[in-house]
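Structural features, examined
Next come the chains, spelled out residue by residue.
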Amino acid sequence: MIQSAASVKLFSRRRLAALSLVCVTLLLLTVAVFLFAPPLPESLTVARTDLRLATWLSVSWSMEAQDPVQVEELAGELKALGVDDIYVFVSYLKADGSFNQTFDFAAEFVAALKGYAPELRAFAWIGIPVSLPGAMPASRLHSPEIRRTIADFTRFAAADLGFDGVHINAELIADEDSAYLELLAAIDEALPAGAHLSATAHPLRLDETATVMPYPAVAHHWSAPYLRRAAQHVDQIVLMAYDSGLVVPRDYLHWTRYQVARSQEALGDTAAELIIGASVSEDWTISHQTQAETLSLFLAGLKAGLAERLDGIALYPFWELDKREMQLIASSFGR
């Protein structure tokens, strides 16, 4: 049967449409694989075995009486993982300028834990919400009275609760905020001799293209010079390489590499320990998108940016670490 010219034309159009659909589908799949399945190194083993490992512990250890068996089990878990530093949540600064009373059993816990793991450095993790809704100025740290209150509490935590030092987690700190530097200086002066001062740092703002998706300028992302100035007031600075808000895994890997490499460059010959923090939290949020911020991708980014200046990593939070993640850390760091 001889097909009409119209039938042939219709068939050609359908074939072209089908071919176009296949091409578009293949293109979208290629883009998806590129963004969501970035190639990882054959091994995530880090060349250096001297890196410190830190982690954050929940407030329950400070605010509740502990069964000695549970404390011994915790010490065993920390030793097995090779943890060097722990940040034990003790309290946070309330809206009225006082500290929440969640540390009644902190001294007892630290003493008991040190009995099983004397080599651990235990820091009192102190939360400082910087802004209050509708308050002026936006940062409470501009108040000398607030800075004095915080400094006094850190001295109490180190001197009276038996911690080896304090770990300050103040959020959100805008780049170039001088009040935060004044706070760190006040804490450093207030702490008893021999006590360590650790503080978290926000990620560095990008000054080059490091992600496929456009990355916004964020007020609380720091410049390299500001990170350096903050580090000059502390013994240890923990750069939080998470809560990036990144959607795709490839971007998080390269963003982490950037944070690791640039923070090492920024600190140069400063004396403070440089620790890079990673989140293993299973809670999906706008800032912490779990499909992107995975431990494997963090380790790949860490390995790509690693140099001699880095002193360790920190995992948040310890209570959400699973066995697979613990095994990955152990194999990566030769522990």
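Owing to the predicted nature of the structure, the values given are computational and were not obtained by experimental measurement.

Rules used throughout
Residues numbered from 1 in each chain as written. Predicted model: local features only at pLDDT ≥ 70, side-chain atom pairs only at ≥ 80, totals over all residues. Heavy atoms only, no water. Helix = DSSP H or I, 4+ residues; strand = E, 2+ residues; numbered from the N terminus. Buried < 20%, exposed > 50% of the residue type's maximum accessible area, 1.4 Å probe, protein only. Contact = heavy atoms within 4.5 Å. Areas by Shrake-Rupley, 256 points an atom, 1.4 Å probe, with all protein chains shown as cover. pLDDT = per-residue confidence, 0-100. Axes fitted to C-alpha atoms, helices over the stretch in contact; angles between N-to-C directions. Left-handed = near helix turned anticlockwise from the far one by under 90°. Nonpolar A, V, L, I, M, F, W, Y, C, P; charged D, E, K, R; others polar. Polar contact = N/O pair within 3.5 Å; in protein donor to acceptor, adjacent residues only side chain to side chain.

1. A look at the overall build of the protein chain
Of regular secondary structure, the protein chain possesses 10 helices and eight strands. Across the 335 residues in the protein chain, those meeting the buried criterion constitute 49%. The contacts in the protein chain between residues at least 6 apart in sequence include a share of 82% that link residues at least 24 apart. Total accessible area on the protein chain stands at roughly 15900 Å², and carbon and sulfur atoms take up 59% of it.

2. Section: the confidence of the model for the protein chain
Scored by pLDDT, the protein chain has a mean of 89; 86% of the residues are at 70 or more. In this model residues 24–34 is a low-confidence stretch, pLDDT under 50, and it forms four contacts with partners more than four residues away in sequence or in other chains.

3. A few points about the packing of helix α5 (residues 144–159) against helix α6 (residues 178–190)
It is the contact of α5 with α6, at a shortest axis distance of 9 Å, that shows an interaxial angle of 35°. α5 and α6 meet at a crossing whose hand is right-handed. Seen from α5, the contacting residues are Arg147, Ile150, Ala151, Thr154 and Arg155; seen from α6, they are Ala179, Glu182, Leu183, Ala186, Ile187 and Ala190. Among the residues making up the contact of α5 with α6, the classes are represented as seven nonpolar, one polar and three charged.

4. What about the side chain of Ser263?
Mapped onto the secondary structure, Ser263 falls in helix α8 (residues 249–267). Looking at Ser263, its side chain comes within polar contact range of the main-chain oxygen of Gln259, at 2.7 Å. Once you skip the residues sitting within four places of it in the chain, Ser263 turns out to touch Leu204, Leu227, Leu239, Tyr258, Leu274 and Ile276.

5. Side note on the environment of Arg121
Mapped onto the secondary structure, Arg121 falls in strand β3 (residues 121–129). On the basis of relative accessibility, which here comes to 15%, the residue Arg121 falls in the buried class. For the pair Arg121 and Val110, spaced 11 residues apart in sequence, the C-alpha to C-alpha distance is 10.0 Å. Look past the residues within four positions of Arg121 in its chain and what remains in contact with it is Arg52, Asp84, Asp85, Ile86, Lys114, Asp164, His196, Gln236 and Glu273. Of note is the side chain of Arg121, whose polar atom sits 2.9 Å from the side chain of Asp85.

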